[in-house]
Amino acid sequence: MEKQKSPKGFIVVLPGEIIEIPQDSDKSWLPLFYSLPRELAEKWKPAYNLPRCPYEVLRTDKYDHIVCDDMFKLLVWDCYAWSAWQLFQVKDRKGNYRDIPGTWTQYAGYFPLWRLSYSIILYIRMKFEQNGLGFQNLYNITQGMEVPWLTYQQFSNLIGNVTDMVVAEQKWQPVIDAIWETAPWKITKPQVAPLRLTSCGSGITTVPASRSLWMK
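The model shown is predicted, which means the values in this text are computed figures rather than measured ones.

Peer 1: It is not clear to me how the overall build of the protein should be interpreted in this structure. Could you clarify?
Peer 2: When its secondary structure is counted, the protein shows ten helices and seven strands. In the protein, which comprises 216 residues, the share counted as buried stands at 48%. For the protein, the accessible surface area stands at approximately 11000 Å², while carbon and sulfur atoms represent 53% of it.

Peer 1: Just checking my understanding: could you explain the pairing of strand β3 (residues 17–22) for this structure?
Peer 2: Moving residue by residue along a regular strand, the side chains alternate between the two faces of the sheet. In this structure, strand β2 (residues 9–14) lies alongside β3, joined through six bridges in antiparallel fashion. Bridged to F10 within β3 is I21. If you look at the hairpin formed by β2 and β3, you'll find two residues sitting between the two strands, and G16 has a positive phi there, around 85°.

Peer 1: Whenever I open this one, the pattern of salt bridges confuses me. Can you help?
Peer 2: Side chains bearing opposite charge may pair, as long as their charged atoms lie close to each other. Inspection of every chain in the model, using the stated rule, returns five salt bridges. K73 is the salt-bridge partner of D26, the closest N and O atoms lying 2.8 Å from each other. Placement of the pair is D26 in the loop between β3 and α1 (30–33) and K73 in helix α6 (residues 70–85), with a sequence separation of 47 residues. Using a relative accessible area of 7% as the deciding quantity, one classes K73 as buried. With a shortest N-O distance of 2.7 Å, E169 and K127 are connected by a salt bridge. Highlighted residues: E169 in helix α9 (residues 152–169) and K127 in helix α7 (residues 112–130), separated in sequence by 42 residues. Residue classification places E169 among the partly exposed residues on the basis of a relative accessible area of 43%.

Peer 1: Would you mind showing me how to read unusual backbone geometry here?
Peer 2: Residue K171 is not a glycine yet carries a positive backbone phi of 55°. Take K171: it is sitting in the loop between α9 and α10 (173–182). Note on K171: relative accessible area 63%, which makes it exposed.

How each quantity is defined
- Residues numbered from 1 in each chain as written.
- Predicted model: local features only at pLDDT ≥ 70, side-chain atom pairs only at ≥ 80, totals over all residues.
- Heavy atoms only, no water.
- Helix = DSSP H or I, 4+ residues; strand = E, 2+ residues; numbered from the N terminus.
- Buried < 20%, exposed > 50% of the residue type's maximum accessible area, 1.4 Å probe, protein only.
- Areas by Shrake-Rupley, 256 points an atom, 1.4 Å probe, with all protein chains shown as cover.
- Pairing = 2+ DSSP bridges.
- Salt bridge = Lys/Arg side-chain N within 4 Å of Asp/Glu carboxyl O.

Okay, here's the thing in structure tokens:
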């Protein structure tokens with residue numbers, strides 16, 4: 001049985017031992033990584049080449065040079081923020097909800113909905129832990145077994161469900177509405193879009209990016 005031990009970490013129960021994974025550890029992003037489809041994971045080749053069997057990745061330091069690299073976190077955060085961004089719903093001129101118009105490159109990095117798309121990542125990670133996609137699931141995979149790649153459609157369906165759940169539970173839709181109604185830059189000239197990310201404890205801080213995985 002898997003549960004969160006707040007606020008320190010995630011708890012995994014194994015025969016003869018209990019493991020705690022700190023929320024601010026580099027490996028805390030592995031459940032989200034192993035749910036990415038190939039099309040997104042390959043944005044950073046070293047991560048794409050991680051073994052699909054997480055046994056050694058979790059239990060040894062053999063792959064720490066990849067998992068503890070800032071680019072690994074950037075890959076995971078960018079992928080989930082970019083996916084959540086596409087699922088936010090905003091009102092059109094008639095008051096009907098629709099996807100955010102235009103492409104992500106038309107919005108500045110400081111656009112509040114971009115910032116919100118990065119804030120949702122911590123909630124997505126917790127939803128994974130609560131619904132059988134977290135560390136308990138990864139640790140239960142025995143040596144030699146592999147985590148199958150999700151298809152792009154499967155990933156889209158998963159993130160669509162989780163994003164809708166978080167927006168509803170956190171009552172974010174009025175926030176999204178207010179941001180969209182008051183934003184002076186609803187469609188802008190192409191600018192640097194995704195944010196450069198840094199880790200701050202168990203949270204995520206955003207600062208403007210001069211380049212991003214999505215710009216490659």
